[in-house]
Amino acid sequence: MENNYKKLAEAIFPNINKNVEYYENLYSERSKKNNVVTRFAPSPTGYMHLGGLYISLINQSFAHKQNGTFFLRIEDTDQSRILSNGVTEIINTLHNFDINFDEGPINETEDFGEYGPYRQSDRKEIYQTYAKYLIEQGKAYPCFCTKDELEKIRENQNKVGESLIGYGGKYAVCRNLTVNEAIKKIENGESFVIRLKADNNGIKRVTVKDIIRGEINMEDNEIDVVIIKGDGLPTYHFAHVIDDHLMRTTHVIRADEWIPSLPLHLQMFKTLGFKAPQYAHVCPILKLEGDSKRKLSKRKDPEARVGFYFEQGFPIIAVKEYLLNLINSRFELWREKNPELSYKDFDINLNEMSKSGALFDLNKLLNVSKRIIKNMTDEEVFQGILNWSKLYSNNLYQFIIKDENKFKSSIPIWHKNRMDIAKWNEIEKNFDYLYDLNFLQKLNINNEFLNFPYVLEILKDYIESYNQNDEQSVWFEKIKNIANKYNYCVKIKEYKNNPKNYNGSIVDVTTFIRIALTGKKDSPDIYEISQYIKEEEVKKRIKNLIDYLTK
RNA sequence: GGUCCCGUGGUCAAGUGGUUAAGACACCGCCCUUUCACGGCGGUAUCAUGGGUUCGAAUCCCGUCGGGAUCACCA
């Protein structure tokens, strides 16, 4: 019988002449210091998703904080879905987000590391060697069923109310083919896949362990799953088990959609005689649609595409720190206590991760980002804006490089002790009064303060008294004088106590000036703005408002 | 439909049998203040639901409801 299986294995994989021992020796156990080995294993099927970034950040932080190894593996076994620049896209995105892997593909064709190749399409021979080994032992077999036949089996199972749905048990007809029958079919050129015999008869329960969820009680696998597809490449399940064994992965941290196949994977590890890694299944980032939550979708949600964050000009650290909040809510407290440490110093704890998916909260991201920008130096802010505008806003970029120093001098106006900006694309829009040369023509003034008495007089006096060289205190004394002259209260408390005694308060006076200069009621210090835009422009803008109010 | 997972304010969440049920974001108010902010202080608002166990339940057990995942030669 054993010889028969060998004959079958030989008929199926005549060109496979290495054996299992060869690979076991080639990829020997990692040294002790690699007590933690994690990986990120995406498919190169399109632009990277926030969820992918999230998973890779967890894997990287978890491994690196413990001096472990983090590698990248490309899962490209579905030839119909891979994209030509998919690998480059993934590598670039990870690079841009400063997520560094220790081993893996470094471009479309080359790999780096001792446990490669790191793309599954280059590992065909390895998978086939192990498949051949399983066939020799009678643990796997060729299946010649067509799609239609499989469909019929399933229909029938549904009709009968069978609890087993799929190719297993008595429904696994090819399992009973004799070796000679199988060989004959192969010789006749019939197409086939390789299936693994389920290590199970009838429904059994197993308890699987997950770092995040704890113990989970499930039905054991009883399906003879496909391990090698018609094109000779492995399915995800088989590739996962072979790769993570041979690459000596210790912790598989992946999306929670894989929980249902955990019994299968564990069974495969056992059948192959491998030690299984520890698993942590992470829940996805969600989005509210109507009343129900759904996964962030690349199609529907712009924020699902990581490119979105570059385009908007979020500092990448902000995105990562937001994600870290989601990974371990303890991060927030830690960050507050250790404002100067790098996020890389934070200890990720997998069993502190939430068991339910979090809704993506743009507000929170914005806040995290504002705080990070606030804590940057002016120079860092400058570099951030420069790099961003170069790629995404030619207008702003041209404005900056025309006079870098002048632009730099404007940064403290809105940066010092402020949280005005969460992402670089807000600069032009929010600070058009600083950076738009045609600001005056575009200025839109609302007229609600026409109601205040003496607005015109106040503005005229302000133009009259304005002097670019005044110290801030002198400048403000002048405003106070004007306020007094028109009975606008200089002391806010006094005004609040007796508002009826005055035409308004000094707050209103500065608001007139602010609106004239910026078109907004909210803006940074108007003295500093004035210093930046210079006397002529200040007067022009005040005059502009006077003209507007006059007509 | 089968199997599995999850359910604490609007959002992220701490919590493991006794807490006035932390904290952060958002929102509102107050203080500081020449303004806008920053900062400080405070406020609104939560244990899905019904039973049980217990002197005592967000926490343990059972049911219900709700949301999600999965059931491919895709990953």
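Definitions and cut-offs
Residues numbered from 1 in each chain as written. Chains lettered and ligands numbered in written order. Predicted model: local features only at pLDDT ≥ 70, side-chain atom pairs only at ≥ 80, totals over all residues. Heavy atoms only, no water. Core = buried A, V, L, I, M, F, W, Y, C linked by side-chain atoms within 4.5 Å. Buried < 20%, exposed > 50% of the residue type's maximum accessible area, 1.4 Å probe, protein only. Contact = heavy atoms within 4.5 Å. pLDDT = per-residue confidence, 0-100. Near = heavy atom within 4 Å. Polar contact = N/O pair within 3.5 Å; in protein donor to acceptor, adjacent residues only side chain to side chain. Helix = DSSP H or I, 4+ residues; strand = E, 2+ residues; numbered from the N terminus. Pairing = 2+ DSSP bridges. Phe/Tyr/Trp six-rings, centres within 6.5 Å; stacked < 30°, edge-to-face > 60°. Lys NZ or Arg CZ within 6 Å of the ring centre and 35° of its normal.

Residues Tyr130, Tyr167, Ile227, Phe238 and Ile242 are the most contacted members of the largest nonpolar core, which totals 59 residues. Setting aside residues no more than four positions away along its own chain, tyrosine 130 makes contact with Val20, Tyr23, Glu24, Phe238, Ile242, Leu246, Leu272 and Phe274. In terms of nonpolar packing, the next biggest core, distinct from the first, is built from 54 residues, Val368, Ile413, Ile463 and Ile526 among them.

Quick look at the confidence of the model for chain A now. Here chain A averages 91 in pLDDT, and 97% of its residues register 70 or above. Across the predicted assembly, pTM comes out at 0.92 and ipTM at 0.93.

Let us look at the protein's contact with RNA strand B. Around RNA strand B there are 57 residues in total, and Arg213, Glu332, Lys364, Arg418 and Arg514 lie nearest to it. Taking the atoms of RNA strand B that fall within 4 Å of the protein, sugar and phosphate contribute 77% of them. Note that a sugar or linking oxygen of RNA strand B is positioned 3.1 Å from one of the side-chain N or O atoms of serine 43. Between RNA strand B and aspartate 525 there is a distance of 2.9 Å, counted from a base oxygen to a side-chain nitrogen or oxygen. Elements with a minimum of two residues in the surface near RNA strand B: α6 (147–160), β6 (193–196), β8 (214–219), β13 (292–295), α13 (362–374), α21 (472–485), α22 (492–497) and α23 (506–518).

Consecutive side chains of a regular strand alternate in pointing toward one face of the sheet and then the other. As paired strands, strand β12 (residues 286–289) and β13 are joined by four bridges and run antiparallel to one another. When the bridges of β13 are listed, glutamate 289 appears paired with serine 292. Linkage of β12 to β13, two consecutive antiparallel strands, is achieved through a turn of two residues, within which glycine 290 is found at a positive phi near 65°.

Moving on to the packing of aromatic side chains. Where two aromatic rings form a pair, the distance of their centres and the angle of their planes describe that pair. Under the criterion given, the structure shown has 31 aromatic pairs. Relative to tyrosine 118, the ring of phenylalanine 71 lies with its centre 6.0 Å away and its plane at 55°, an arrangement referred to as tilted. Of this pair, phenylalanine 71 sits in strand β2 (residues 69–72) while tyrosine 118 sits in the loop between β4 (111–112) and α5 (124–136), and the two are 47 residues apart along the sequence. What makes tyrosine 118 buried here is its relative accessible area of 0%. Pairing phenylalanine 399 with phenylalanine 407 gives two aromatic rings, centres 6.5 Å apart and planes at 80°, and the pair type is edge-to-face. Exposure remark for phenylalanine 399: the relative accessible area of 15% places this residue in the buried category. Looking at arginine 30, its charged tip hangs above the ring of tyrosine 115, at a distance of 3.9 Å from the centre. Of note, arginine 195 hangs over the ring of tyrosine 167, and the distance from its end group to the ring centre comes to 3.9 Å.

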